[in-house]
Amino acid sequence: MLIRKPADLRHSDVTPKQFYLNRRRFLAAGSAIAGAWALPTPAGATMKLDNVTKSAYTVNEKITPLADITSYNNYYEFGTDKGDPSHYANTLRPSPWQVQVGGLVNKPKTYDLDSIMKIAPLEERIYRHRCVEAWSIVVPWIGFPLAALLKQVEPNAKAKYVAFQTLYDPKQMPLGNRAGIELPYVEGLRLDEAMHPLALLAVGLYGETLPNQNGAPFRLVVPWKYGFKSIKSIVKITLTDKQPPTTWNIANAREYGFYSNVNPTVDHPRWTQSQERRLGELFKRKTLMFNGYPEVASLYTGMDLRKNY
Amino acid sequence: MKKILFSPWTKRALFTLCLIPAFLLIWRGFSGDLSANPVEFIEHRTGDWALRFLLITLSVTPLRKIFEQPLLTRFRRMLGLFAFFYVCVHLLMYLTFDQMFSISGILADVLKRPYITVGSAGFLMLIPLAITSTAAMVRRLGPKRWQLLHRLVYFCALAGVIHYYWLVKSDVREPLMYGGMLTLLMLFRVRMWLAKGAKSKPQPTVVGA
């Protein structure tokens, strides 16, 4: 029976959410005054991002409500249920943060949050985001092209792939040992995919810094691929000459390929990919090739996308 | 104890109790608390409860034997029918919102997706059990044939566990937990049957007489 004894009550059970959120906002305002990223961010709070320009990357579809984007997440380090990350990701400390960029590059560099924010002007891009589980959302991301960061570190002639790694700190991610996948989470792209102007490094959404459950402070967004390619909370980026291992491919190679481009004609072995449920809609809609980004098709000319799923 | 088990109020109370998961879903619906993906939320919850009710139904016989309370059988049919009720809601959600009643879509799913194949097999096997759950049907079939038919429920529960196991991406703890419970319930029966077999073998004439 699920009758909770008083001993199991947590503070969050007795403090109404709007009150503790207000407290966090109050703390966040304090640290914003002290210099946006200088102080540790209170868990779960987001801050407004300034100097963001609207970009031409947008879609003619309804943007998914913020509440849906932040309460329905796959972030297995914080639990495997979609609602888990919004409850448990408050243990993530997105600041201070460091990202090591190295490997086959001329100018390896370790970035802190301040220097990340200065890589390129921030822009808002409204992208479709399609999960391999056949649901989708439309997100107003804030970020800059991944290519801008890669150009700074200058990949050398041998570099063919980009490998990414998510933070794995069992102290901040105590549920990680139940994820059922190998951690730290790793992902990868071919270098030409990574240099494509659509590939985005996001630092925010809905005008504010990223909520923890959405991959704070810093994540990848590759809108033409299934969501699990868009790795969250990145701590390491490495240029390599060999195709890097990727987490879901390690977990089940038959079901999750390296490319994982959104493709309505290639089904997941266990379910169809021809349709998806847009959060907020009851009935399913048709899934679009490359998630409706046909401009990436030239990256895959001559490739059998059934084999390279 | 006997009095409590015999009382019609116990049955009514249990009936109300079994409806709580359904009422909770309705309540959540009205308060906008069905997550960002209400269809999936209802599908998962009703699927969970269908499987739980199957396992609860399968616990009646072991509990009856362990506590020597034959009257517990009075509640078994209702519990089984609740499993059927939740599985119907589960299926109806899928047919309506996932498939929009597209025959070709449903057929493709049943033929191509093993978890749906197994799930639909489990549902189809439950139908004759629900139909023959009335006292009149027990009489018409005769207790022996009725019991034989209703052994199908073991396969329904197994289908439910496999359906769930094949659906999850990586975190198989919950389906394994249900699988573990089903194994325990089946082991109890195997022991029961073996004991019965051992008892009846030395005196076959008595049984026949």
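Computed from a prediction, not measured in an experiment: that's the story for all the values here.

Chemist: I'd love a proper account of the pairing of strand β12 (residues 275-278) of chain A, names of residues and values included.
Modeler: All names here are of chain A. Sheet analysis places strand β5 (residues 135-145) next to β12, joined by two bridges and oriented parallel. Note on β12: the bridge partner recorded for serine 136 is arginine 278. Note that β12 and strand β13 (residues 285-286) share two bridges and pair antiparallel. Within β13, the position partnered with glutamine 275 by the bridge is lysine 286.

Chemist: Describe helix α3 (residues 38-67) of chain B, and please don't skip the residues or the numbers.
Modeler: For an α-helix, the turn length of 3.6 residues means that residues three or four places apart are oriented alike. All names here are of chain B. The first and last C-alpha atoms of α3 sit 41 Å apart over 30 residues, in line with the 44 Å expected at 1.5 Å per residue. Residue valine 60 marks the point of greatest curvature in α3, where the axis turns by about 30°; the proline proline 62 follows within four residues. Just beyond α3, the residue with positive phi is glutamate 68, at close to 50°.

Chemist: I'd like to hear about unusual backbone geometry, residue by residue, with values.
Modeler: Here Ser95(A) and Pro96(A) are connected by a cis peptide whose omega angle stands at -5°. Note on placement: Pro96(A) falls in the loop between α4 (84-88) and β2 (98-103). In this model, Ala216(A) is joined to Pro217(A) through a cis peptide bond whose omega is 0°. With respect to the element layout, Pro217(A) can be found in the loop between β9 (208-209) and β10 (219-221). Here the phi dihedral of Ser233(A) falls at roughly 40°; this positive angle occurs in a residue that is not glycine. The phi dihedral of Glu68(B) is positive, around 50°, even though this residue is not glycine. On the secondary structure map, Glu68(B) appears in the loop between α3 and α4 (76-98). On the neighbour-count criterion, Glu68(B) (8 C-beta atoms within 10 Å) is exposed.

The rules behind the values
- Residues numbered from 1 in each chain as written.
- Chains lettered and ligands numbered in written order.
- Predicted model: local features only at pLDDT ≥ 70, side-chain atom pairs only at ≥ 80, totals over all residues.
- Pairing = 2+ DSSP bridges.
- Helix = DSSP H or I, 4+ residues; strand = E, 2+ residues; numbered from the N terminus.
- Expected span 1.5 Å × (residues − 1).
- Bend = angle between axes of the 7 residues up to and from the residue.
- Buried ≥ 20, exposed ≤ 12 C-beta atoms within 10 Å, placed from the backbone.

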